[in-house]
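Here is what each chain is made of, one letter per residue.
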Amino acid sequence: MSELQKKCSHILAVAGGKGGVGKSIFSVTLSTTLAMMGYRVIVVDLDLGGANLHTYLGVMDRMPSLFHFIHKKVKSLNDIVVKTPIANLSFISGAHYSPAMSNPAAELKVKLIRHLYALDADFIVIDLGAGMDLSTLDFFIFSDRGFLVTVPEPGAVMNAYRFIQGALFRKMVTVFGQHKEIGAIVRDLGQACAHDESAMLSWFVNRVKEIDPEVFPLVQEVSSRFQPFLVLNRIAHEQAQRLVSTLTGHCSNKYAVEIKYLGNLPDVKQLTSFLLDVPGFLKSTAGKAYFLSLKSVVRRFLIDLHDANVLAEKLNIRKDFGDEKTLETLSDIIDRLDGDIINDAGKKLWKLRLFFKPVEVVKFLLKKGVKEDILFESDSLNLKK
Ligand SMILES: Nc1ncnc2c1ncn2[C@@H]1O[C@H](COP(=O)(O)OP(=O)(O)OP(=O)(O)O)[C@@H](O)[C@H]1O
Ligand SMILES: [Mg+2]
């Protein structure tokens, strides 16, 4: 067997549970934005039963696709990577349907995942299908970070909860499946709690404590390491907040999963005129508000991902200090700095400096490893032209 070297450490999966909520559009706009920042990005259509990314990217469907990889017509995923009209953005198509694709066997799934990691890119964005069949859940949990996209409709939000629950338990099965007694329980979880799904985790935790208390901390570790991002689609900023606290609160209380909300994307009717060129939508006048919100989402994602040094390169640091609240927040950040990093006299000086050289203060904070939203301009991605 040829050795595959892991080359990409940022596989990002986009899922949502429900169909039609905007997963594919977001996969394309997220990938395009990262590519515009100079990252080398490959977007992969892993909606294996309903591939449509090629149309959104305006790429013809007569090209190599996952079909050729799955049916061993090519050896490596590299052979089916195609360029898109966007600099730095390549694409792996899921076009051409075959039954083996919509429901890949376990070995094929593992092979696909290994080959994805061996692709040479800064980011690989995988667009997943609707629903929560095992392959969708597996691609989500094997990625480095998952984005959950939903719209503000009860059905979609309910599916998003269920997706998180399904993914978490799938993760538990992968980790605990090998344990003699716990393996049997975790595989049977759905049936054990059929009448009250939300009690599943506490039931499972208690069973683990009884059976093998030494393993118990690992259950907590698996939950707490599972940190999907949440993006709300087709909703105005003002309406988003309540929905966010319900969703994140529920996932935290019931499943001990901390979801990180990245922001909202507005509903833009004119998007339908760009369905054969979604990247073009971002550059259009009609797409202006969407792109602005998307840049905030990407900025928050990058702040979570990178250390302060990389951020200083990739994001424009704040130059607008007109609002008093900004200075107050920066002053609070200085106060909270560890005493080992800076003593009280130093803190006082840097706080005073805020009133005549605020940009220097921001640079200082970045150097000290602080990575907060407020250090960057709100429309702050460093886009290459
Ligand atoms: N922010 C938005 N504003 C307006 N329309 C949107 C927005 N996001 C998505 N849409 C519309 O929703 C439709 C479905 O989007 P998309 O194909 O991304 O959904 P999906 O979740 O990938 O669907 P599927 O589950 O079928 O894969 C598209 O026709 C698109 O025009
Ligand atoms: Mg889709």
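Residues numbered from 1 in each chain as written. Chains lettered and ligands numbered in written order. Predicted model: local features only at pLDDT ≥ 70, side-chain atom pairs only at ≥ 80, totals over all residues. Heavy atoms only, no water.

Trainee: Could you give an account of the overall build of the protein, with specific residues and numbers?
Mentor: A count of helices and strands for the protein gives 18 helices and 10 strands. Its C-alpha radius of gyration of 22 Å places the protein within 12% of the 21 Å reference for a compact globule of 385 residues. In terms of overall dimensions, the protein has C-alpha extents of about 65 × 55 × 45 Å along its principal axes. Across the 385 residues that make up the protein, the buried fraction comes to 52%. In the protein, 77% of the contacts between residues at least 6 apart in sequence involve partners at least 24 apart. Carbon and sulfur atoms make up 51% of the accessible area of the protein, which totals about 18,500 Å². The positive charge centre, built from 48 side chains, and the negative charge centre, built from 42, are 4 Å apart in the protein. (Helix = DSSP H or I, 4+ residues; strand = E, 2+ residues; numbered from the N terminus. Rg over C-alpha atoms; globule rule 2.2 N^0.38 Å. Buried < 20%, exposed > 50% of the residue type's maximum accessible area, 1.4 Å probe, protein only. Contact = heavy atoms within 4.5 Å. Areas by Shrake-Rupley, 256 points an atom, 1.4 Å probe, with all protein chains shown as cover. Lys, Arg positive; Asp, Glu negative; His and termini not counted. Charge placed at Lys NZ, Arg CZ, Asp CG, Glu CD.)

Trainee: Outline empty space enclosed by the protein, listing residues and values.
Mentor: A water-sized probe, rolled over the atoms, reveals where empty space remains. Enumeration according to the criterion identifies one cavity of 30 Å³ or more in this entry. Approximately 40 Å³ is the volume attributed to the largest cavity. What lines the largest cavity is Ile-11, Ile-113, Leu-116, Tyr-117, Ile-126, Asp-138, Phe-139, Phe-142 and Ser-143. Among the elements of the structure, α5 (106-117) and α6 (134-142) are those that each provide at least two residues to the lining of the largest cavity. Partitioned by chemical class, the residues of the lining of the largest cavity number seven nonpolar, one polar and one charged. (1 Å grid on protein atoms, 1.4 Å probe; cavity = no way out; pocket = protein on both sides within 12 Å on 5 of 7 lines; lining within 4 Å. Points joined across faces, edges and corners; volume = space filled by probe spheres on them. Nonpolar A, V, L, I, M, F, W, Y, C, P; charged D, E, K, R; others polar.)

Trainee: Can you explain the pattern of salt bridges? Please cite residues and give values.
Mentor: Side chains bearing opposite charge may pair, as long as their charged atoms lie close to each other. Tallied over the full model, the rule gives 14 salt bridges. A salt bridge links Asp-120 to Arg-40, with the shortest nitrogen-to-oxygen separation between them at 3.5 Å. Taken together, the positions of Asp-120 in the loop between α5 and β5 (123-128) and Arg-40 in the loop between α1 (23-36) and β2 (41-46) put the pair 80 residues apart, joining distant regions of the chain. Note that Asp-267 is salt-bridged to Arg-234, the shortest N-O span being 2.6 Å. Of this pair, Asp-267 sits in the loop between β8 (260-265) and α13 (278-283) while Arg-234 sits in the loop between β7 (229-233) and α12 (237-255), and the two are 33 residues apart along the sequence. Bridged by salt links that share partners, the residues Arg-40, Asp-120 and Asp-122 form one connected network. (Salt bridge = Lys/Arg side-chain N within 4 Å of Asp/Glu carboxyl O.)

Trainee: Hey, could you go over the packing of aromatic side chains for me, with residue numbers and the actual values?
Mentor: In the structure shown here, the tally under the stated rule is 12 aromatic pairs. Taken together, a centroid distance of 5.6 Å and an interplanar angle of 90 degrees make the contact between Phe-229 and Phe-301 edge-to-face. One end of the pair, Phe-229, is in strand β7; the other, Phe-301, is in helix α14 (residues 288-305), with 72 residues separating them in the sequence. Note on Phe-229: relative accessible area 0%, which makes it buried. Of the aromatic side chains, those joined through ring pairs into one cluster are Phe-26, Tyr-39, Phe-123, Phe-147, Phe-229 and Phe-301. (Phe/Tyr/Trp six-rings, centres within 6.5 Å; stacked < 30°, edge-to-face > 60°.)

Trainee: Can you break down the site of ligand 1 residue by residue, with the values?
Mentor: As a matter of local geometry, ligand 1 sits amid 18 residues, with Lys-23, Ser-24, Ile-25, Tyr-56 and Val-268 nearest to it. Taking Asn-233, its side chain carries an N or O atom lying 2.9 Å from a nitrogen atom of ligand 1. A distance of 2.9 Å separates a nitrogen atom of ligand 1 from a polar backbone atom of Pro-266. Compared with its free state, where it exposes 630 Å², ligand 1 has 84% of that area covered by protein. Taking a 2 Å distance to the grid points as the criterion, the majority of the atoms of ligand 1 fall inside the largest pocket. It is α1 that contributes the most residues to the shell around ligand 1, three residues altogether. (Near = heavy atom within 4 Å. Polar contact = N/O pair within 3.5 Å; in protein donor to acceptor, adjacent residues only side chain to side chain. Sits in = over half its atoms within 2 Å of the grid points.)

Trainee: Tell me about the layout of surface pockets, residues and numbers included.
Mentor: There is about 370 Å³ of room inside the largest pocket. Around the largest pocket, the lining is made up of 22 residues, and of these Gly-20, Val-21, Gly-22, Ile-25 and Arg-234 lie nearest the centre. Elements with a contribution of two residues or more to the lining of the largest pocket: α1 and β5. Of the residues that constitute the lining of the largest pocket, the class distribution is 10 nonpolar, six polar and six charged.

Trainee: Let's hear about the nonpolar core: which residues, and what values?
Mentor: Counting residues in hydrophobic clusters, the biggest one holds 70 residues, and the most contacted among them are Phe-26, Leu-34, Phe-147, Leu-302 and Leu-365. Among the elements that make up this core, the one with the highest residue count is α14 (eight residues). Looking at which domains feed residues into this core, each of domain 1 (11-161 + 225-305) and domain 2 (310-381) supplies at least three. Non-local contacts of Phe-147, meaning those with residues more than four positions away in its chain, are made with Leu-12, Ala-13, Val-14, Ala-15, Phe-26, Leu-30, Phe-140, Phe-229, Val-231, Leu-262 and Phe-301. Within the second largest apolar cluster, 66 residues are counted, among which are Ala-121, Ile-124, Ile-126 and Ile-235. (Core = buried A, V, L, I, M, F, W, Y, C linked by side-chain atoms within 4.5 Å. Domains from an automatic or database assignment.)

Trainee: Break down unusual backbone geometry for me, citing the residues and quoting the values.
Mentor: Phi at Asn-88 takes a positive value of approximately 75 degrees, unusual for a residue other than glycine. Within the secondary structure layout, Asn-88 lies in the loop between β3 (81-83) and β4 (89-92). Positive phi is not limited to glycine here, since Ala-256 has a value of about 55 degrees. For Ala-256, the location among the structural elements is in the loop between α12 and β8.

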